[in-house]
Structure formats: structure tokens, C-alpha cells
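Structural description and commentary
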Amino acid sequence: MAALSNKVVFITGAARGIGAETARSLAARGSKLVLTDVDEEPLRELAAELGDSVALAVVADVRDLGAMQAAVDAGVEKFGGLDLVLANAGIASYGSVLQVDPEIFDRVLDINLRGVFNTARATLPSLIERKGYILIVSSLAAYAACPGLAAYNASKAGVEQFANALRLEVTYRGVGVGSAHMAWIDTPLVRDAKADLGAFGEMLGLMPGPFGHTMTVDKCVDAFVDGLEKRKRKVYVPRWVGAAGLFRGVLQSAVGDRALLKHVPRLLPKMDAEVAALGRSTSKRNVTR
């Protein structure tokens, strides 16, 4: 992938999971990296691992436009500009709409949706200057909802449409925009949910066909790197997610609801009880960040 050599890539949510592994993969291909996250220790460890000539770590909260602008400015000062952006930062909340902590619900939307706006707003001037590309991380959840995860579902649907609107705005300026849609990936987010909530694991097991399967991070990383290199309009992990998107009308119909509706009367109260016992509506990791 010579096309990625010496390209400067700005990554949010870079400290762990998909963000960190994508950073490692890009570094191996000769890219320069501006890494941002709120989780300072693993972020700085990753930058140290990759080396000062390759990576710059900037602790920044995607909810803060000023902080994102400062991160972009630091990256431009060090590497001269930005060619590619991976808007990857995201969290999830637990529990039904009736029971979820409203502050956590708002936080999910702030990070997952407004954080993408802040990332795009801060990076666009450099992307326009260098005719770059931004890959915005959405999800299969954009068109296949899951009970107990309403904030996550809503944010990822919003992110997809944000990417679609942004593409219409900046294509004539030479900037490419893609959105990534993944099924369940074995990230800290999914592992935390499985560890916290027995109901979540049960729900995955009851989803039809491949919808509940969890994939390894490396498959997602390969797809993201390929999407960044080829400036793809859509990135699907795995490929069948693209077909699911074409049939979103069916997934969102009464027919599509049937697979889970019969299990909701048992699983959703169980999830709410587990959330109440935890005393939090998100993972412990995200409470402290």
C-alpha cells in the first residue's frame, strides 16, 4: 500500500481497540499519525511505541471543538498538514429508554455524533488544502436497531447521514467522504458490554443469521486501511453488512422486528435490572473518562 506512505492520518479514539490497531497498521505502511483520545496513558504508550518521527499523541475530547482544533493545529505544525482522517471515537449506553441514565444518553450522542462534527470541522481546512479524505465510523446499528442501545443506534444512524451530507458539501473541493459500517467487533466496547450484561450476550445469540456474530479487530482494521487508501464511499465489515444496508427497509419493518420482539419482554427487564445493579448506564471504563 505505497499510496499510504508519508500520508498524515488523524485518528480519534486512538488509544485502544480499532483506533490503536489501525494506527499500528498505518505506521507499518509508512503513514504519519496524529493520535487523539481522552485516555492519556495508553495513548502516549502507543505514540512512544510507534516513535516520535511517526506519531504525535494529543489528549483531546471530541466533544470539545477547541480541543480538536488544538490537536489538528499540533498535527499540522509537526507534519505539515493532514491527508486522511479516521473519525473513530465512540461509546455506548446500556438500558431501555425508560431506565437509561439521561446524562449518559446525552454523552453518547455528544461523543458519537457531535464528536464527528467537531472532528470534521477542525480537520476540513487541511483536508481541503490537500484534497484529502475522511472516513466516519458508523455501524450496522445505523439500520438494524437493538433494544437497550437506543442512544448508540440513534448516534450511528445520525453519523451515516452526516457523512452523506458532508460528501455533498465537499466533493467539489476535492475531499472524499466515506462511512464505515461494521457488525459486532471484538473491541473493548463490546467486551465491556458482554462482561457487564448477561442480557447483552443473550441478545447477540438470539439475533438471526450472522447479525449476532462477533468478529476480530484485525478484519476491521484491514477494511479501514483499505478504505482510507482507496477513499471508499462505504466500508463494510464484513461484506454482508453492505447487503443488509440495501435491505434496511425490511430490517426496519414489522417483519424485521420479529426476530427480537418475542425476546424483549424477558431480556429488556433483565438488562435494566443488571444496569441498576451496576449503578451505571455505560462501561466502567467510560464512566471514568
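What this report covers is the structure whose coordinates are included nearby. Keep in mind that what you see is a predicted model, and the values were worked out from it rather than measured.

A few words now on the overall build of the protein. Check the secondary structure of the protein and you find 13 helices and nine strands. By the compact-globule yardstick of 19 Å for 289 residues, the protein fits well, its C-alpha radius of gyration being 19 Å. Judged by the C-alpha coordinates and their principal axes, the protein covers about 55 × 40 × 30 Å. In the protein, the proportion of contacts linking residues at least 24 apart, taken out of those at least 6 apart, comes to 73%. Counting every atom, the protein has about 12,400 Å² of accessible surface; 55% of that belongs to carbon and sulfur. One finds the centroid of the 34 positive side-chain charges in the protein at a distance of 7 Å from the centroid of its 31 negative side-chain charges.

Another point: the packing of helix α6 (residues 188-196) against helix α7 (residues 198-206). Running from N to C, α6 and α7 point in directions that differ by 110°, and their axes come no closer than 5 Å. The orientation of α6 relative to α7 falls into the category roughly perpendicular. On α7, the residues touching Val190, Ala193, Lys194 and Asp196 of α6 are Gly198, Phe200 and Leu204. In terms of residue class, the contact of α6 with α7 is built from four nonpolar, one polar and two charged.

Below, the discussion takes up the pattern of salt bridges. Note that side chains of opposite charge can pair when their charged atoms are close. Tallied over the full model, the rule gives 17 salt bridges. Ionic contacts of the salt-bridge type, sharing partners, join the residues Glu21, Arg24 and Glu49 into one network.

To continue, consider the sheet that holds strand β5 (residues 133-137). Taken together, seven strands build an open sheet; the order of strands is β3-β2-β1-β4-β5-β6-β9 and the sheet is parallel. Each end of this open sheet is capped by a strand with a single partner; those strands are β3 (55-59) and β9 (234-237). The average undirected angle you get between the axes of adjacent strands in this sheet is 15°. Two strands pair when backbone bridges link them, and strand β6 (residues 176-182) and β9 are joined in this way by four bridges, in the parallel orientation. Of the residues in β9, the one forming a bridge with Ser179 is Lys234. With respect to the sheet, helix α2 (residues 40-50) is in contact with β2 (32-37) and β3, its orientation differing from that of β3 by roughly 170°.

About the cut-offs
- Residues numbered from 1 in each chain as written.
- Predicted model: local features only at pLDDT ≥ 70, side-chain atom pairs only at ≥ 80, totals over all residues.
- Heavy atoms only, no water.
- Helix = DSSP H or I, 4+ residues; strand = E, 2+ residues; numbered from the N terminus.
- Rg over C-alpha atoms; globule rule 2.2 N^0.38 Å.
- Contact = heavy atoms within 4.5 Å.
- Areas by Shrake-Rupley, 256 points an atom, 1.4 Å probe, with all protein chains shown as cover.
- Lys, Arg positive; Asp, Glu negative; His and termini not counted.
- Charge placed at Lys NZ, Arg CZ, Asp CG, Glu CD.
- Axes fitted to C-alpha atoms, helices over the stretch in contact; angles between N-to-C directions.
- Parallel < 35°, antiparallel > 145°, perpendicular 65-115°, else oblique.
- Nonpolar A, V, L, I, M, F, W, Y, C, P; charged D, E, K, R; others polar.
- Salt bridge = Lys/Arg side-chain N within 4 Å of Asp/Glu carboxyl O.
- Pairing = 2+ DSSP bridges.

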